[in-house]
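A structural walkthrough
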Amino acid sequence: MSTEHQHKEHVTDVKLSVLDLAPVVVGSTPADALRNSLELAQHAERWGYHRYWVAEHHNMPGIASSATSVVIGHLAGGTKSIRVGSGGIMLPNHAPLVIAEQFGTLESLYPGRIDLGLGRAPGSDRRTSIALRKDLNSGEDFPELLAELRAYFDASATSYHAPVRAVPGEGLNIPIYLLGSSDFSARLAGQLGLPFAFASHFSPDYTRIALDTYRSSFQPSESLKEPYVIVGVNAVVADTDEEAAWLGTTMQQQFLNIIRGTTGLVQPPAVMDGKWTDREQVAVAQTLKAAVNGSPEKVKEQLESFIRQTQADELIITSMIYDHQARLHSYELIAQLAGNA
């Protein structure tokens, strides 16, 4: 429902979902990470999470979900009812026909459960973008790529006689979501009447601007009559505030590496004193200012404040926690806040 109809204030007013980067932690392998992702997806389904998305990143030793469509098939095959999809596929890295065929195949295998979330960033560095065989146009042709992709799914008379067709794919109703960390995709999603997912988990300063842009530019479409907003949230929940703060140092190290332009495996919790300069500490805190961290009681307050500010229809939670059991427990505690687990 749109904000005009229902003012959202509580965790129970929104859907909760999972965004998984398939973290490869120190001392483990991508095989371990993908096994952990399946286990988390199975638990998320049992705990009442609405959807489970995995993200496309390349040339990052700490993220195992680079072949995103393959991972989605694995997760959908190991679950029964939860929606599974991409958060997102970085469309400029791919020929639209390939994505139409891949997601057409996924939807044919797991009907009614597949989401296609699309982003326009490369999800990697410049050298890796070149290795992905795409010209480097900064995603400026994203609207054209999106139009081409959507045409492959369209089974109208025009596409039925088209010289190039997506099989499987043509005629399938695969929900498309636009992802963004600025107002570019927000405006495009609004103009096309598509649902919009905003990356508040790494771009908190643009959240209000992007959501306002999306809602003000929204044009109803055949598939969506009112704006639908998903917002990404970093969350670390534990039995005590102290334990959550300790577990959260893994995420701080992750963002510190991003600021420094370095990549690596996901690090265990650590004392941060001496690991960063004052300037770096401020920069990490700024990036994580929308993150929630603490005991269930504290996190409930933080989430509900965030819901009141954003009026999101859905929160998609990402938890970069080193210990897999602690990560499972964090998601279980969040589900309990919504009365699910």
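Now for a look at the structure at hand. (Residues numbered from 1 in each chain as written. Predicted model: local features only at pLDDT ≥ 70, side-chain atom pairs only at ≥ 80, totals over all residues. Heavy atoms only, no water.)

**Examining the overall build of the protein chain**
- A tally of regular secondary structure across the protein chain gives 13 helices and 9 strands.
- Taken against the 2.2 N^0.38 rule, which gives 20 Å for 341 residues, the C-alpha radius of gyration of the protein chain at 19 Å falls within 12% of a compact globule.
- Summing over all exposed atoms, the protein chain offers an accessible surface of approximately 15,100 Å²; the carbon and sulfur share of this is 53%.
- Separation between the mean location of the 27 positive side-chain charges and that of the 38 negative ones in the protein chain comes to 3 Å. (Helix = DSSP H or I, 4+ residues; strand = E, 2+ residues; numbered from the N terminus. Rg over C-alpha atoms; globule rule 2.2 N^0.38 Å. Areas by Shrake-Rupley, 256 points an atom, 1.4 Å probe, with all protein chains shown as cover. Lys, Arg positive; Asp, Glu negative; His and termini not counted. Charge placed at Lys NZ, Arg CZ, Asp CG, Glu CD.)

**Describing helix α10 (residues 249-260)**
- A rise of 1.5 Å per residue sets the reference length of α10, with its 12 residues, at 16 Å; its end C-alpha atoms lie 16 Å apart and thus fit the reference within 8%.
- Lining the buried residues of α10 we find β7 (229-237), α9 (241-247) and α11 (278-287). (Expected span 1.5 Å × (residues − 1). Contact = heavy atoms within 4.5 Å.)

**Quick notes on the nonpolar core**
- Counting residues in hydrophobic clusters, the biggest one holds 96 residues, and the most contacted among them are Tyr49, Leu116, Leu118 and Leu315.
- Not counting residues within four places of it along the chain, the set of residues in contact with Leu118 comprises Ile89, Leu91, Phe142, Leu146, Leu149, Ile176, Tyr177, Leu178 and Leu179. (Core = buried A, V, L, I, M, F, W, Y, C linked by side-chain atoms within 4.5 Å. Buried < 20%, exposed > 50% of the residue type's maximum accessible area, 1.4 Å probe, protein only.)

**A closer look at the packing of aromatic side chains**
- Applying the stated criterion across every chain yields a total of 5 aromatic pairs.
- For the ring pair Phe196 and Phe198, a centre distance of 6.3 Å and an interplane angle of 50° mean the geometry is tilted. Here Phe196 matches Phe198 in class, with each residue buried.
- Ring centres of Tyr214 and Phe218 lie 5.8 Å apart, and the angle between their planes is 75°; this geometry places the pair in the edge-to-face category.
- What links up through ring pairs into an aromatic cluster is the set Phe196, Phe198, Tyr214 and Phe218.
- A cation sits over an aromatic face here: Arg120 above Phe184, 3.9 Å from the ring centre. (Phe/Tyr/Trp six-rings, centres within 6.5 Å; stacked < 30°, edge-to-face > 60°. Lys NZ or Arg CZ within 6 Å of the ring centre and 35° of its normal.)

**Some words on the packing of helix α7 (residues 184-192) against helix α8 (residues 207-217)**
- In the contact formed by α7 and α8, the axes pass within 7 Å of each other and the chain directions differ by 20°. Here α7 lies roughly parallel to α8, going by the angle between them. For the pair α7 and α8, the sense of crossing is right-handed. Residues Ala186, Arg187, Ala189, Gly190 and Gln191 of α7 form the contact with α8, whose own contacting residues are Ala210, Thr213, Tyr214 and Ser217.
- Among the residues forming the contact of α7 with α8, the class breakdown is 4 nonpolar, 4 polar and 1 charged. (Axes fitted to C-alpha atoms, helices over the stretch in contact; angles between N-to-C directions. Parallel < 35°, antiparallel > 145°, perpendicular 65-115°, else oblique. Left-handed = near helix turned anticlockwise from the far one by under 90°. Nonpolar A, V, L, I, M, F, W, Y, C, P; charged D, E, K, R; others polar.)

**Observations regarding the pairing of strand β3 (residues 83-90)**
- Burial analysis of β3 places 8 of its 8 residues in the buried class, which makes it a mostly covered element.
- In terms of strand pairing, strand β2 (residues 51-54) meets β3 through 4 bridges, oriented parallel. Across the sheet, Tyr52 pairs through a bridge with Val84, a residue of β3.
- Of the crossover connections in this fold, the one passing from β2 over helix α2 (residues 68-77) to the parallel β3 is right-handed.
- As judged from the 5 bridges shared by β3 and strand β4 (residues 114-119), these two strands associate in the parallel manner. By the bridge assignment, Ile89 is partnered in β4 with Leu118.
- A crossover connection joins β3 to the parallel β4 through helix α3 (residues 96-109); in handedness this β-α-β unit is right-handed. (Pairing = 2+ DSSP bridges. Right-handed = clockwise from strand over helix to strand, strands pointing away.)

**Some details on α3**
- Here α3 spans 20 Å end to end across 14 residues, near enough to the 20 Å set by a 1.5 Å rise per residue.
- Every buried residue of α3 is accounted for by Pro96, Ile99, Ala100, Phe103, Gly104, Leu106 and Glu107. Taken down its axis, α3 places every buried residue within 160° of arc, on the same side.
- As for α3, its buried residues are in contact with α2, β3, β4 and α5 (142-153). (Arc of directions from axis to C-beta.)

**Thoughts on the environment of Phe202**
- On the secondary structure map, Phe202 appears in the loop between β6 (196-198) and α8.
- Here the alpha-carbon distance between Phe202 and Lys289, two residues 87 residues apart in the chain, equals 9.2 Å.

**Let's talk about unusual backbone geometry**
- Between Gly87 and the following residue, Gly88, the backbone shows a cis peptide bond with an omega angle of 5°.
- Pro168 follows Val167 through a cis peptide bond whose omega is -5°.
- By secondary structure assignment, the location of Pro168 is in the loop between α6 (157-160) and β5 (176-180).
- Even without glycine at this site, Ala22 takes up a positive phi of about 45°.
- Assignment of secondary structure puts Ala22 in the loop between β1 (15-20) and α1 (30-46).
- A relative accessible area of 0% places Ala22 in the buried class.
- In this structure, Asn59 takes a positive phi of about 60° despite not being glycine.

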